[in-house]
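Residue-level structural notes
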Amino acid sequence: QTVLVLNGPNLNLLGTREPGIYGAQTLDGVRQLCEAACRQHGLALDFRQSNHEGQLVDWLQEAGAGEAGGKFAGTVLNAAAYTHTSVALRDAIKGAGVSVVELHISNVHAREEFRHHSYLSAVARGVMFGFGTAGYALAIAAVAGWATGEQK
Ligand code: DQA
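Residues numbered from 1 in each chain as written. Predicted model: local features only at pLDDT ≥ 70, side-chain atom pairs only at ≥ 80, totals over all residues.

1. Here we look at the environment of I21
As for its placement among the helices and strands, I21 is situated in helix α1 (residues 19–22). Accessibility expressed as a C-beta count within 10 Å gives 11 for I21, which makes it exposed. In this structure the C-alpha to C-alpha distance between I21 and G126, which are 105 residues apart in sequence, comes to 22 Å. (Helix = DSSP H or I, 4+ residues; strand = E, 2+ residues; numbered from the N terminus. Buried ≥ 20, exposed ≤ 12 C-beta atoms within 10 Å, placed from the backbone.)

2. Describing the nonpolar core
The tendency in soluble globular proteins is for nonpolar side chains to be buried side by side. With 36 residues, the main nonpolar core has V76, V101, I140 and V143 as its most contacted residues. Breaking this core down by element, the ones donating at least two residues are β1 (2–7), α2 (27–40), α3 (53–68), β3 (72–78), α4 (87–96), β4 (100–104) and α5 (134–148). Per-element accounting of this core gives the leading share, 6 residues, to α5. When neighbours within four sequence positions are excluded, V101 is seen to be in contact with G74, V76, L77, A124, R125, G126, M128, A139, A142 and V143. (Core = buried A, V, L, I, M, F, W, Y, C linked by C-beta atoms within 7 Å. Contact = placed C-beta atoms within 7 Å.)

3. Looking at the site of the ligand
Taken together, N10, N78, A80, A81, T83, H104, I105, S106, V108 and R115 form the complete shell of residues around the ligand. Residues belonging to the shell around the ligand are distributed by class as follows: 4 nonpolar, 5 polar and 1 charged. (Near = placed C-beta within 6 Å. Nonpolar A, V, L, I, M, F, W, Y, C, P; charged D, E, K, R; others polar.)

4. Considerations on the sheet that holds β4
Adjacent strands of a sheet form backbone hydrogen bonds with each other and so pair up, either parallel or antiparallel. A sheet is described by the order of its strands in space; here 5 strands give the open sequence β2-β1-β3-β4-β5, paired in parallel fashion. Only two strands of the sheet have a single partner each, and these edge strands are β2 (44–49) and β5 (126–129). Recorded for the sheet is a direction-independent mean angle of 20° between the axes of neighbouring strands. Sheet analysis places β1 next to β3, joined by 6 bridges and oriented parallel. By the bridge assignment, T2 is partnered in β3 with F72. Sheet contacts for α5: β1, β3, β4 and β5; angle to β3, the most-contacted strand, approximately 155°. (Pairing = 2+ DSSP bridges. Axes fitted to C-alpha atoms, helices over the stretch in contact; angles between N-to-C directions.)

5. A closer look at the UniProt feature "site: Transition state stabilizer" (unreviewed entry) in the chain
Residues annotated by UniProt as "site: Transition state stabilizer" (unreviewed entry) correspond here to R17. Mapped onto the secondary structure, R17 falls in the loop between β1 and α1. Setting aside anything within four residues of it in sequence, one finds R17 in contact with N10 and Y22. (UniProt positions renumbered as here; feature names shortened; annotations may be inferred.)

6. Quick notes on the UniProt feature "binding site: substrate" (unreviewed entry) in the chain
UniProt tags N78, H84, D91, I105, S106 and R115 as "binding site: substrate" (unreviewed entry). With the annotated positions falling across 38 residues, the maximum pairwise C-alpha distance of 24.3 Å shows that they are not confined to a single cluster. Take N78: it is sitting in strand β3. Residue class for N78 comes out buried when judged on the 25 C-beta atoms lying within 10 Å of it. Excluding residues that lie within four positions of it along the chain, N78 makes contacts with N7, G8, L11, L103 and H104. Tracing the backbone shows D91 in helix α4.

Laid out in structure tokens, this is it:
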């Protein structure tokens, strides 16, 4: 089975974007970390990034269908700023029946007020934030637990 990891807007700039908040690792570094985590759990990785909300909606619909067909074990979603704005992403998760770990590199609750609200948390299966890019590996471990039935 495959873990789908979706990254939203501006995450292509990781490494140079506000390193005091997001760290020095590039998105390619995150992809490598995810690959290692998946390998450890005997899962394959499908890792994507888009700056476009509609593209993320399309991918979430694909995730729901893939899950139903047994291809995807679950989805790790860092929707970035769309977390705080997008009813469309929430509806896609709910409508397509996607098992999602909502992920943030930073501790969004220790930041500006507008980052405290997420449209996605209520439809996510779990939420992970504040562990830096290491959170991606932790989220993949959670998805691996869903796949084996060890984790609700
Ligand atoms: C983020 C947090 C969001 O508030 C922000 O808009 C991002 C990244 C994170 O990973 O910490 O772009 O999702």
